[in-house]
Structures are given as C-alpha cells and as structure tokens.
Amino acid sequence: MPSFWTGESGILLVAHRLAPEAWQEERLLACIQANVANPSWELMWGSPGTMLAAQVMHERTGAERWVEAWRESADRLWQEWRGELWLQDLYGRTAHILGPAHGFVGNVHALARGRLLDKGRRNELERRAVAAAARHAQRANGLVQWPPSLEPGKSTEIRTQWCHGAPGIVASLAPVAPRDQQLTELLVGGGELTWRAGPLAKGPGLCHGTAGNGYAFLKLFERSGDELWLDRARGFAMHAAAQVERMRSTYGRGRYTLWTGDLGTALYLQCCISAEAAVPTLDSC
C-alpha cells in the first residue's frame, strides 16, 4: 500500500529521516508514482498525501526527480477537480468532503505547500479555494462553520474538530491567499467558533481533539499577527496537557500515536512555546 498516512510512503519518509539510504529513495519514488491515480483523492490514502512526501524529499535532497513526481500527481489531481470539490471514492462510497483528512482543504494544502505550482495555477487555486469556502460556509452571529460533506446522511452531522469542521478548514486555508479579505473574515469566524466551542471532550489529540483544534489559532496568529490567537492557542495547550495527565491517571498509561495520542499533543505544545504553526506531517516532517 503506497499511501502516506496508512502505507509505505510515510514509513519510508521517517526511515529516510533517521538513517537515509538510496534504496529508501528508490522505493519511496516508486510508491509516489504508483499512487498517482488513486481514486480516493485525499491525504490519507490518495495522491495528495504522497505529493507531500515528494515535496519533503525535494526539500531534503534538492533532486529534480521529486519535483517531477510531484507534478505528475498534481496534474492528475488538477484534472480530477471538475467541480467545486473533489469527488472521493473512499471506503466503498463516493462523497464530496470538505475537511483536511479526507477532503477538499487537504488537497488545496497539498497543491499550495512548497510553491511548486506555476503562477497561473496558483492564482486559480486560490480563487477556487476562496469561492468554495465561501459558498459552503454556514454563518450566524459572526461565527462560521462548514459541514463535513455535501452528501446527506450521517456524514453531514456537524462536528467542530480538525478532521471535520471549522478548526481543520481554518488551519488548512489560513496560509492560502493571505491578502484576501473575504477569506480572512471567514477564517476568523471559524476561529471564533472553535474558541467558543471550547476544548474537545473526545481528548487531547490532533485529529479530533483539543490540540488539533488549537492549530486553528496558531494558523490565525501566523496569518494575522494578532496575539489574541496565540493566547488562545496556549490556553488550549494547557487544557490538552491536563487531559493527557487525566487520561494517564485513569487508564494507567498514555496513548502513543501521533494523530490520536500524546505525541501529537506534545508537538502542539512545542508549537505553542515557539509560536509556530507547523502541523505535524503536513507542514513539517
């Protein structure tokens, strides 16, 4: 399985970071190329995830072959962007999903990160991203939320977490079109909703926990320079740290995964100390 988060590519990327070998590069390149036409069209399984691996390898090595591999996937992903959102074939069903883990803003992030798009496509990416974010935003009293999916059913239940809902939309789109006032207003509304909703009872982690939501505040601080958002991020950090301690006390052990456990929370705490907004595996590897 060549995917980034749940397959070989992520493992190879970590192995190369720790003890780089030529065979790892060859195998990782093959995985990226094998994933170009994955019909999931999202970060976890599809080509947007392996595009991130290609970007990181280009940053590490400077070799042009990683740019070529990235562009092959980017061209196909662009071709599949036929409407406002990509149509994903995921877990046996098709859906138009907005959030970063499985949907639209994760793909936008993969295309925008590293500035490998040509100027024309980058301008079009920003235009289409802002238009889609505005069209599907749900507004009330200065607050903004987005549905998980456009399809009816359980997937449309509103959630306020990184993987689905305002926090992930804000964190993913904050680096895009930095001077677009309409987008800034939407993102601020999403950040305010995240703050008023408060820390998540689900736990401290990144995917659907307090730390993941806190990245929305760090990204807004990075976009605006307003220290209110940094203060809010640090408030969530203290709550997330307390959640980790409570869960360890209750269950007698920690939870050791990156996206749903204590490791991701620790990285979020470090970002709050350094006032940086690098989401693990998406902005930094």
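Residues numbered from 1 in each chain as written. Predicted model: local features only at pLDDT ≥ 70, side-chain atom pairs only at ≥ 80, totals over all residues. Heavy atoms only, no water.

Considering the packing of aromatic side chains
The full count for this structure, using the stated rule, is 13 aromatic pairs. Ring plane angle 55° and centroid distance 6.3 Å describe the contact between Trp 5 and Trp 162, whose orientation is recorded as tilted. Of the two residues, Trp 5 sits in the segment before helix 1 (8-18) while Trp 162 sits in the loop between strand 4 (143-145) and helix 7 (166-173), which places them 157 residues apart along the sequence. Given the relative accessible area of 2%, Trp 162 is considered buried. On the numbers, 4.4 Å between centres and 20° between planes, the contact of Trp 81 with Trp 86 is stacked. Here the two residues Trp 81 and Trp 86 agree in accessibility, since each one is buried. Grouped by ring-pair contacts, the aromatic residues Trp 78, Trp 81, Trp 86 and Phe 104 constitute a single cluster. If you follow Arg 128 out to its NZ or CZ, it ends over the ring of Trp 81, 3.9 Å from the centre. (Phe/Tyr/Trp six-rings, centres within 6.5 Å; stacked < 30°, edge-to-face > 60°. Helix = DSSP H or I, 4+ residues; strand = E, 2+ residues; numbered from the N terminus. Buried < 20%, exposed > 50% of the residue type's maximum accessible area, 1.4 Å probe, protein only. Lys NZ or Arg CZ within 6 Å of the ring centre and 35° of its normal.)

Some thoughts on the nonpolar core
Counting residues in each nonpolar core, the largest one holds 79 residues, and the members touching the most others are Phe 104, Leu 111, Trp 146, Leu 218 and Tyr 268. Leave out the neighbours within four places in its chain, and Trp 146 touches Leu 98, Ala 133, His 136, Ala 137, Ile 158, Gly 165, Ala 166, Ile 169, Val 170, Leu 186 and Gly 190. (Core = buried A, V, L, I, M, F, W, Y, C linked by side-chain atoms within 4.5 Å. Contact = heavy atoms within 4.5 Å.)

Some remarks on the side chain of Ser 9
Following the sequence through the fold, Ser 9 ends up in helix 1. The residues contacting Ser 9, other than those within four sequence positions of it, are Pro 2, Ser 3, Phe 4, Leu 28, Cys 31 and Thr 50.

Here we look at the packing of helix 4 (residues 64-80) against helix 5 (residues 104-112)
Running from N to C, helix 4 and helix 5 cross one another at 140°; their axes reach a closest spacing of 11 Å. As the angle between them shows, helix 4 and helix 5 are arranged oblique. Judged by the twist between their axes, the crossing of helix 4 over helix 5 is left-handed. Together, Trp 70, Ala 74, Leu 77 and Trp 78 of helix 4 and Asn 107, Ala 110 and Leu 111 of helix 5 make up the contact between the two elements. A class-by-class count of the residues in the contact of helix 4 with helix 5 yields six nonpolar, one polar and no charged. (Axes fitted to C-alpha atoms, helices over the stretch in contact; angles between N-to-C directions. Parallel < 35°, antiparallel > 145°, perpendicular 65-115°, else oblique. Left-handed = near helix turned anticlockwise from the far one by under 90°. Nonpolar A, V, L, I, M, F, W, Y, C, P; charged D, E, K, R; others polar.)

Re unusual backbone geometry
Despite not being glycine, Tyr 91 shows a phi value in the positive range, around 55°. Residue classification places Tyr 91 among the exposed residues on the basis of a relative accessible area of 57%. Despite not being glycine, Ala 177 has its phi angle at roughly 45°, a positive value. Among the secondary structure elements, Ala 177 is positioned in the loop between helix 7 and helix 8 (181-197). For Ala 177, a relative accessible area of 7% translates into the label buried.

Some points on the pattern of salt bridges
Counted under the stated rule, the structure contains 14 salt bridges. The partner of Arg 196 in a salt bridge is Glu 192, with the nearest N and O atoms 3.3 Å apart. Remark: Glu 192 and Arg 196 occur in helix 8; sequence separation between them is four residues, near one turn of the helix. Here Glu 192 falls in the buried class, since its relative accessible area comes to 17%. (Salt bridge = Lys/Arg side-chain N within 4 Å of Asp/Glu carboxyl O.)

Concerning the environment of Gly 254
For Gly 254, the location among the structural elements is in the loop between helix 10 (227-251) and helix 11 (262-274). Sequence separation between Gly 254 and Ala 242 is twelve residues; the distance between their C-alpha atoms is 13 Å. The residues contacting Gly 254, other than those within four sequence positions of it, are Arg 248 and Asp 262.

Quick notes on the packing of helix 1 against helix 3 (residues 47-61)
Running from N to C, helix 1 and helix 3 cross one another at 15°; their axes reach a closest spacing of 10 Å. By the angle between their directions, the pair helix 1 and helix 3 is classed as roughly parallel. Between helix 1 and helix 3 lies a crossing of left-handed hand. For the pair formed by helix 1 and helix 3, the contact residues are Ser 9, Leu 13, His 16 and Arg 17 on the first element and Thr 50, Ala 53, Val 56, Met 57, Arg 60 and Thr 61 on the second. Here the contact of helix 1 with helix 3 is composed, by residue class, of four nonpolar, four polar and two charged.

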